[in-house]
Amino acid sequence: VTLRVGVSDRLVPMLTGHQLPLESTGADECMKYRSPLVSRYASKEMAYNFSDRKKFSTWRKLWIYLAKAEKALGLSITDAQIAEMESHAEDIDFAMAAEEERKLRHDVMAHVHTFAHCCPSAAPIIHLGATSCYVGDNTDLIMLRDGFDVLLPKLARVIDRLSNFAEKYADLPTLGFTHYQPAQLTTVGKRACLWLQDLAMDMRNLQRARDDLRFRGVKGTTGTQASFLQLFQGDHDKVEELDRMVTEMAGFKKAYLVTGQTYSRKVDVDCLSSLASLGATVHKICTDIRLLANLKEIEEPFEKEQIGSSAMPYKRNPMRAERCCSLARHLVALMADPLQTASVQWLERTLDDSANRRISLPESFLTADIILSTLQNITEGLVVYPKVIERHIRHELPFMATENIIMAMVKAGGNRQDCHEKIRVLSQEAAAVVKQEGGDNDLLARVQRDPYFAPILGQLDALLDPRTFIGRAPQQVTRFLSEEVRPLLEPYNAKMDVKIELEL
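If you're wondering where the values come from, they're calculated on a predicted model, not measured in any experiment.

## So, the nonpolar core
- Membership of the largest hydrophobic core comes to 122 residues, with the highest contact counts inside it found for Trp-63, Met-85, Tyr-134, Phe-165, Leu-213, Leu-242 and Phe-365.
- If one sorts the elements of this core by residue count, helix H8 (residues 132-168) sits on top with 17 residues.
- Once you skip the residues sitting within four places of it in the chain, Phe-165 turns out to touch Val-188, Ala-192, Ile-298, Leu-382 and Val-384.
- One finds Ala-408, Met-409, Ala-430 and Leu-443 within the second-largest nonpolar core, a separate group that totals 14 residues.

If you want it as structure tokens, here you go:
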């Protein structure tokens with residue numbers, strides 16, 4: 001299966017449920033701001049998850065669940081009323097709802113009236129005993145849960161592709177870098193495992209955040225369930241059963257036992273912190289890819305007709321990795337919103353969370369969705385240039401091999417301190433050629449010309465074999481993939497056969 005990522009502008013009205021008038025579908029739409037998260041980048045699945053269509057049809061389903069449970073527990077609600085509601089669960093008159101909200105200045109009551117208009121017999125029992133947060137908060141929790149369900153298979157596919165890459169290059173030596181200075185050798189596959197380790201942590205964090213989500217349930221105006229206790233004439237068991245039944249119908253195993261008017265906004269903090277942490281991981285990975293692209297050791301995919309620069313036609317810019325870094329910064333920055341919102345909620349509830357959450361919750365999931373799709377595309381087409389890597393190793397390895405040369409000379413009967421001094425002088429001379437003259441590292445040639453090192457000249461090739469400098473990197477890759485990565489992916493095996501193509 002191949003998915004093309006990047007929602008076309010024509011799809012946006014369909015996802016949101018808003019029908020644009022014919023005269024507004026062309027040039028007029030270019031006169032207003034459109035979030036590029038949806039109009040340019042997002043997958044259809046995630047764009048729909050936070051659409052008006054999904055939101056308001058979920059409200060109607062929640063009203064149906066409530067009516068069904070109230071009827072089952074003895075309230076005077078008929079099968080015909082419920083059937084009427086069910087028959088109109090999806091045919092939402094968005095224009096009418098917008099007009100009602102303009103008059104009422106209340107989004108929930110606007111949709112209550114709109115639903116009641118097409119369900120006249122059920123009108124008296126729609127939203128019976130409930131508060132606005134019954135539909136608002138419960139729908140948010142459903143969207144958060146379903147958003148995680150979109151992200152987790154995508155993250156699994158990124159890990160799978162990168163695991164295959166790590167396995168393929170498990171024993172390909174490459175320069176390690178500390179402080180972005182050449183350091184002891186590692187392997188291309190081992191470096192990929194460092195990326196994978198962070199992604200595996202993110203996978204566990206997202207799964208835990210998803211599984212920890214509960215339903216707000218049926219709690220009433222300030223969370224005390226007082227209105228429902230009145231409806232059921234003081235029968236506490238029926239109120240608890242109502243909460244349990246609606247929670248189950250919404251697909252949740254548990255509801256929060258205590259809430260104010262809203263569920264705790266710390267829940268949003270928990271969800272978005274896992275996404276922000278993912279953003280940090282992706283930024284690090286894609287920064288590494290950009291640095292390695294500069295060295296021409298690794299490159300992201302580059303389309304046959306792709307243009308890297310309008311002025312410099314030879315350039316192959318890492319635009320996918322750059323996009324990931326750009327959006328990952330936005331994802332990390334969004335973490336500040338739920339933290340501040342949770343900290344300023346007054347007593348049982350204050351409404352200054354609403355407008356902020358309309359932006360921060362969808363944007364966090366949309367942004368995470370985009371960077372995972374883009375990173376999957378990158379990891380499916382990473383290009384490695386072993387000859388370039390080998391040349392860089394040859395340039396630095398003589399310096400790194402000095403300790404091995406010293407040990408070999410000692411074994412051949414030499415004095416460690418005398419050998420160290422010889423190597424020090426020759427190394428500085430070779431470094432001067434590299435730094436001051438722009439020449440190649442000729443330390444090995446200097447060692448070969450110096451009679452002092454005659455006893456080990458036959459060993460030099462073996463001493464400078466890059467494979468002797470990578471330690472247990474290949475074995476670490478094999479064990480890490482086998483014990484930690486592959487088991488993590490098992491629940492998603494049926495969803496692995498999806499390839500990502502970027503339209504933009």
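We are not done yet, so read on.
## Things to note about helix H18 (residues 416-436)
- Its 21 residues give H18 an end-to-end C-alpha distance of 30 Å, which sits within 8% of 30 Å, the value for a rise of 1.5 Å per residue.
- Looking only at H18, the buried set comprises Cys-419, Ile-423, Leu-426, Ser-427, Ala-430, Ala-431 and Val-433. Along the axis of H18, the buried residues cluster in a sector spanning 150 degrees; they form a single face. Turned more than 90 degrees away from the buried face of H18 sit Gln-417, Lys-435 and Gln-436, all of them exposed.
- Elements in contact with the buried residues of H18: helix H16 (386-400), helix H17 (402-411) and helix H19 (443-449).
- The opening residue of H18, the one whose side-chain oxygen lies 2.9 Å from the backbone nitrogen of Gln-417, is Asn-415.
- One or two residues past the end of H18 sits Gly-438, with phi positive at roughly 70 degrees.

## Side note on the UniProt feature "domain: Adenylosuccinate lyase C-terminal" (unreviewed entry) in the protein chain
- Mapped onto the present numbering, the UniProt feature "domain: Adenylosuccinate lyase C-terminal" (unreviewed entry) falls at residues 397-481.
- Along residues 397-481 one finds 65% helix and 0% strand; the C-alpha atoms at either end are 29 Å apart.

## Quick look at the packing of helix H6 (residues 94-104) against helix H7 (residues 107-118)
- At a minimum axis distance of 8 Å, the contact between H6 and H7 shows a crossing angle of 135 degrees. The pairing of H6 with H7 is recorded here as oblique in orientation. Every pair of crossing elements has a handedness; the one defined by H6 and H7 is right-handed. Judged by residue contacts, Met-96, Ala-97, Glu-100, Glu-101 and Leu-104 of H6 engage Asp-107, Met-109, Ala-110, His-111, His-113, Thr-114 and His-117 from H7.
- Residues belonging to the contact of H6 with H7 are distributed by class as follows: five nonpolar, four polar and three charged.

## Focus: helix H13 (residues 319-333)
- The terminal C-alpha atoms of H13, which comprises 15 residues, lie 21 Å apart, in line with the 21 Å expected from a rise of 1.5 Å per residue.
- Those residues of H13 lying buried are Arg-320, Ala-321, Arg-323, Cys-324, Cys-325, Leu-327, Ala-328 and Leu-331.

## Looking at the domain arrangement of the protein chain
- What the domain assignment reports for the protein chain is domain 1 (48-118), domain 2 (132-302 + 316-385) and domain 3 (388-468).
- A separation of 30 Å is found between the C-alpha centroids of domain 1 and domain 2.
- At the junction of the two partners, domain 1 supplies 20 residues and domain 2 supplies 26 residues.
- Here domain 1 meets domain 2 over a buried area of about 2100 Å², counting both sides, of which 77% is carbon and sulfur.
- Looking only at domain 1, the three residues that lose the most surface to domain 2 are Phe-50, Leu-62 and Leu-73, adding up to 35% of its buried area.
- At the junction of domain 1 and domain 2, the tally comes to two salt bridges.

## Regarding a nonpolar patch on the surface
- Nonpolar side chains collect at one region of the surface, where Val-344, Trp-346 and Leu-347 lie side by side and expose about 400 Å² of accessible area between them.
- Position of Trp-346 relative to the elements: it lies in the loop between helix H14 (336-343) and helix H15 (354-379).

## A look at the packing of aromatic side chains
- Overall, the coordinates contain 11 aromatic pairs when judged by the stated rule.
- Look at Phe-50 and Phe-365: their rings are 5.7 Å apart centre to centre, the planes differ by 45 degrees, and that puts the pair in the tilted class. Highlighted residues: Phe-50 in the loop between helix H3 (44-49) and helix H4 (52-72) and Phe-365 in helix H15, separated in sequence by 315 residues.
- Accessibility expressed as a relative area gives 17% for Phe-50, which makes it buried.
- Considering the side-chain rings of Tyr-256 and Tyr-263, the 6.5 Å spacing of their centres and the 25 degrees angle between planes classify their relative orientation as stacked. The pair formed by Tyr-256 and Tyr-263 is uniform in burial state, with each residue classed as buried.

## Digging into the environment of Arg-486
- Positionally, Arg-486 belongs in helix H21 (residues 473-489).
- On the basis of relative accessible area, Arg-486 is assigned to the partly exposed category, the value being 26%.
- Taking the C-alpha atoms as reference points, Arg-486 and Ala-156, 330 residues apart in sequence, are found 10.0 Å from one another.
- Apart from residues lying up to four places away in sequence, Arg-486 is in contact with Asp-160, Ser-163, Asn-164, Glu-167 and Leu-481.
- For Arg-486, the side chain forms a polar contact with the side chain of Asn-164, separated by 3.4 Å.

Conventions adopted
Residues numbered from 1 in each chain as written. Predicted model: local features only at pLDDT ≥ 70, side-chain atom pairs only at ≥ 80, totals over all residues. Heavy atoms only, no water. Core = buried A, V, L, I, M, F, W, Y, C linked by side-chain atoms within 4.5 Å. Buried < 20%, exposed > 50% of the residue type's maximum accessible area, 1.4 Å probe, protein only. Helix = DSSP H or I, 4+ residues; strand = E, 2+ residues; numbered from the N terminus. Contact = heavy atoms within 4.5 Å. Expected span 1.5 Å × (residues − 1). Arc of directions from axis to C-beta. Polar contact = N/O pair within 3.5 Å; in protein donor to acceptor, adjacent residues only side chain to side chain. UniProt positions renumbered as here; feature names shortened; annotations may be inferred. Axes fitted to C-alpha atoms, helices over the stretch in contact; angles between N-to-C directions. Parallel < 35°, antiparallel > 145°, perpendicular 65-115°, else oblique. Left-handed = near helix turned anticlockwise from the far one by under 90°. Nonpolar A, V, L, I, M, F, W, Y, C, P; charged D, E, K, R; others polar. Domains from an automatic or database assignment. Buried area = accessible area lost by both parts, 1.4 Å probe. Salt bridge = Lys/Arg side-chain N within 4 Å of Asp/Glu carboxyl O. Patch = residues over 30% accessible without salt bridge, like charges linked within 9 Å, V, L, I, M, F, W, Y side chains within 5 Å. Areas by Shrake-Rupley, 256 points an atom, 1.4 Å probe, with all protein chains shown as cover. Phe/Tyr/Trp six-rings, centres within 6.5 Å; stacked < 30°, edge-to-face > 60°.

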